[in-house]
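# Architecture at a glance
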Amino acid sequence: EPVLELQDVAKRYPKGQGMVDALQGVTLRIERGEHVALVGPSGAGKSTLLYLMGLMDAPTAGRLKLLGRDTTGLSDAERSRLRGRTVGFVFQSFNLLPHLSAWRNVALPLRYAGVSRKERRARALEMLARVGLAERAEHMPSELSGGQEQRVAIARALVIRPQLLLADEPTGNLDSDTGARILELLEAVHARGATLVTVTHSAEVAARAQRTVQLRNGRVWSDTRAGAPEARG
Ligand code: ADP
Ligand code: ADP
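Keep in mind it's a predicted model, so treat the numbers as computed, not measured.

In terms of burial, strand E3 (residues 35-39) is largely enclosed, as 5 of its 5 residues are buried. Taking every second residue as pointing to the same face, both faces of E3 are buried, with His35, Ala37 and Val39 on one and Val36 and Leu38 on the other. Direction of pairing for E3 relative to strand E8 (residues 195-199): parallel, over a ladder of 4 bridges. Residue pairing for E8: His35 is matched across the bridge by Leu196. Across 4 bridges, the pairing between E3 and strand E9 (residues 211-216) is parallel. Along E9, the bridge assignment pairs Val36 with Arg211.

What follows deals with the site of ligand 1. In the neighbourhood of ligand 1, the contacting residues comprise Tyr13, Pro14, Val20, Ala22, Pro41, Ser42, Gly43, Ala44, Gly45, Lys46, Ser47 and Thr48. At 2.8 Å, a side-chain N or O of Lys46 approaches an oxygen atom of ligand 1. Within the backbone of Ser47, a nitrogen or oxygen atom sits 2.8 Å from an oxygen atom of ligand 1. When isolated, ligand 1 has an accessible area of 560 Å², and the protein chains bury 63% of it. Here the element with the most residues in the shell around ligand 1 is helix H1 (residues 46-53); it accounts for 3 residues. Grouping the constituent residues of the shell around ligand 1 by class yields 6 nonpolar, 5 polar and 1 charged.

Let's shift gears to the site of ligand 2. Looking at ligand 2, the residues that line it are Val87, Gly88, Phe89, Phe91, Leu108, Pro109, Tyr112, Arg156 and Ala157. In the model, a nitrogen atom of ligand 2 is placed 3.2 Å from a nitrogen or oxygen of the Arg156 side chain. Elements supplying a minimum of two residues to the shell around ligand 2: strand E6 (87-90), helix H3 (102-112) and helix H5 (146-158). The residue makeup of the shell around ligand 2, split by class, is 7 nonpolar, 1 polar and 1 charged.

Further remarks concern the pattern of salt bridges. One pass over the full model with this rule turns up 14 salt bridges. Here Arg211 makes a salt bridge to Glu34, at a shortest N to O gap of 2.9 Å. Placement of the pair is Arg211 in strand E9 and Glu34 in the loop between strand E2 (18-30) and E3, with a sequence separation of 177 residues. The exposure class assigned to Arg211 is buried, which follows from its relative accessible area of 3%. Linked by salt bridges that have partners in common, Glu34, Arg211, Asp223 and Arg225 make up one network.

A word on the pairing of E8. Of all 5 residues that make up E8, 5 are buried, and the element is covered over most of its length. Neither face of E8 is open: one carries Thr195, Val197 and Val199, the other Leu196 and Thr198, and all of them are buried. Of the crossover connections in this fold, the one passing from strand E7 (residues 164-168) over helix H6 (residues 176-191) to the parallel E8 is right-handed.

A few words now on the packing of aromatic side chains. Considering all chains together, one arrives at 2 aromatic pairs under this definition. Centroid distance Tyr51 to Phe89: 5.2 Å. Interplanar angle 70°. Geometry classified as edge-to-face. Taken together, the residues span a long stretch of sequence, with Tyr51 in helix H1 and Phe89 in strand E6 at a distance of 38 residues. Exposure remark for Tyr51: the relative accessible area of 30% places this residue in the partly exposed category. Overall, the relative accessible area of 8% leaves Phe89 in the buried class. With 4.8 Å between their ring centres and 40° between their planes, Phe89 and Phe91 make a pair best called tilted. Each of the two residues, Phe89 as well as Phe91, counts as buried. An aromatic cluster is defined as three or more aromatic residues linked by ring pairs; in this entry it consists of Tyr51, Phe89 and Phe91. Lying over the aromatic face of Trp103, Arg121 brings its terminal NZ or CZ to 4.9 Å of the ring centre.

Rules and cut-offs
Residues numbered from 1 in each chain as written. Chains lettered and ligands numbered in written order. Predicted model: local features only at pLDDT ≥ 70, side-chain atom pairs only at ≥ 80, totals over all residues. Heavy atoms only, no water. Buried < 20%, exposed > 50% of the residue type's maximum accessible area, 1.4 Å probe, protein only. Helix = DSSP H or I, 4+ residues; strand = E, 2+ residues; numbered from the N terminus. Pairing = 2+ DSSP bridges. Near = heavy atom within 4 Å. Polar contact = N/O pair within 3.5 Å; in protein donor to acceptor, adjacent residues only side chain to side chain. Areas by Shrake-Rupley, 256 points an atom, 1.4 Å probe, with all protein chains shown as cover. Nonpolar A, V, L, I, M, F, W, Y, C, P; charged D, E, K, R; others polar. Salt bridge = Lys/Arg side-chain N within 4 Å of Asp/Glu carboxyl O. Right-handed = clockwise from strand over helix to strand, strands pointing away. Phe/Tyr/Trp six-rings, centres within 6.5 Å; stacked < 30°, edge-to-face > 60°. Lys NZ or Arg CZ within 6 Å of the ring centre and 35° of its normal.

Function cannot be inferred from these measures alone, as they are strictly geometric.
The following block contains the structure:
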């Protein structure tokens, strides 16, 4: 069964007196273990689509199934609960809570999963070690470099052992060397079995994915697998 199944998904936002169609007629299947790059010009709907995939918002129309579960009609609380057990999300701007140390930021998602306090700390420290930040556990976000902050954010996304990892321009705010190390980290997570969807502006990043979905004007413009002829949608 696919990780994500979108059928005719649309998203409209109110804008001024009218509405803007951020997504229209998006039909996509993402299989377990895929690494998908989501590309397209600014305003094409990439972030909107990633947010829908992560259940941070609901489509205006159409169906979205996550891990076989139809999410149509779920309440915000039900979507949060489902997301909290299955999806890790990495933001361009890291989104760390500034008043919490690195390990407390990483441990945050485990609170909602009902993990005991002692185990939360142990798992957060273990995850920080995996991203190479064991010795920064007690540091505050303001004491870390951008690359270190993003590694903390990745550790936070991974601590729940997500089946689906979503990343919104994860290297957009980093210099290219630091960005390359973040990409290696995400690829290592993918290699261990997670499904990875990355929004990117970078052709270099997209080239490392096995599949590239291009959005334009809120629609799927192309969907290409490495080594396969392009299919237009
Ligand atoms: P991308 O990530 O490809 O740059 P977005 O998904 O951010 O595109 O935006 C797609 C369209 O939806 C744009 O026209 C944008 O202005 C609009 N949009 C995105 N988020 C909102 C929102 N919260 N409220 C109103 N309009 C939005
Ligand atoms: P909210 O209540 O605003 O949804 P939470 O209290 O659940 O946020 O989480 C606090 C912060 O931890 C959020 O800003 C979010 O960025 C981050 N977070 C929570 N769960 C995850 C996750 N599975 N992957 C990545 N970041 C997460």
